[in-house]
Amino acid sequence: VGSTYPCKRADGSLHDAEVVKTRYNKQAGREEYYVHYVGLNRRQNEWVEKSRLILSRPPKCKDDGTLGCVICRDSLKHAKHNFLPIHYWEVDVGEKTAWDVGMASESSNRKGKIKLNPKNGYWAIWLRNGNAYKALESPSKTLNLTSRPRIYTFRATFTEKIYPYLSPFLH
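Residues numbered from 1 in each chain as written. Predicted model: local features only at pLDDT ≥ 70, side-chain atom pairs only at ≥ 80, totals over all residues. Heavy atoms only, no water.

A.B. asks: I tried to follow the pattern of salt bridges on my own but got confused; where do I start?
C.D. replies: Note that side chains of opposite charge can pair when their charged atoms are close. Scanning the model with the defined rule gives 5 salt bridges in all. Among the ionic pairs, E32 bridges to R23, the shortest N-O distance being 2.8 Å. A salt bridge links E49 to R30, with the nearest nitrogen and oxygen atoms 3.4 Å apart. Within this pair, whereas E49 is found in strand 4 (residues 46-49), its partner R30 is found in strand 3 (residues 30-37), the two being separated by 19 residues in sequence. A residue is classified by how much of its surface remains accessible, and R30, at 32% relative accessible area, is partly exposed. Three or more residues are tied together by salt bridges with common partners; here these are R23, R30, E32 and E49. (Salt bridge = Lys/Arg side-chain N within 4 Å of Asp/Glu carboxyl O. Helix = DSSP H or I, 4+ residues; strand = E, 2+ residues; numbered from the N terminus. Buried < 20%, exposed > 50% of the residue type's maximum accessible area, 1.4 Å probe, protein only.)

A.B. asks: Explanation requested: the nonpolar core in the structure shown.
C.D. replies: By size, the foremost hydrophobic cluster in this structure holds 9 residues: Y5, C7, A17, V19, Y33, V35, Y37, V48 and L53. Of all the secondary structure elements, the ones that give two or more residues to this core are strand 1 (4-8), strand 2 (14-25) and strand 3. A total of 3 residues in this core trace back to one element, the largest contributor, which is strand 3. The residues touching V19, leaving out its near neighbours within four places in the chain, are V1, G2, S3, Y5, Y33, Y34, V35 and L53. (Core = buried A, V, L, I, M, F, W, Y, C linked by side-chain atoms within 4.5 Å. Contact = heavy atoms within 4.5 Å.)

A.B. asks: Help me out: how do you make sense of the sheet that holds strand 2 in this one?
C.D. replies: Each strand in a sheet pairs with another by means of backbone hydrogen bonds, the pair being arranged parallel or else antiparallel. An order of 1-2-3-4 is seen for the 4 strands of this open sheet, with the pairing classed as antiparallel. Across the chains shown, the open sheet's two edge strands, defined by having one partner strand only, are strand 1 and strand 4. Sheet twist, expressed as the mean angle between neighbouring strand axes with direction ignored, is 55°. In terms of strand pairing, strand 3 meets strand 4 through 4 bridges, oriented antiparallel. Bridging across to strand 4, V35 finds its partner in E46. (Pairing = 2+ DSSP bridges. Axes fitted to C-alpha atoms, helices over the stretch in contact; angles between N-to-C directions.)

Rendered as structure tokens:
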């Protein structure tokens, strides 16, 4: 939602379309996207199936100075063990010089400017300028690493659902 992709219109032509919302069509058994064709009257908006969107190209980001981020729709399941459950995952960030990766709580603020730290429901690390790593605790901790980090441990007790969080930045 919010990204713009080339979309095949009913007449077969391609036009940039912003995804406005999504739904699961139970009768058809597929995910559908409500799109607005950029520059056209909103009466042209329509529900389309995924095959009409050209997703092989990266989405066009709004150049308004904001940075996009993704919070997964599905939360991590709480494990019930007699020992401390530990969750981890690996994220390949390639050669990017700036990114954020972490977890977001179910009640975390997701609108406007977000301050990433556990007090605000975010447990994350970031990279800036290709070599400045931080663990976004309260206060932040600089990580002195000579290579990309493999792991950082946040110690926390979660009382609500948590979701993977990623901000790949624009470039």
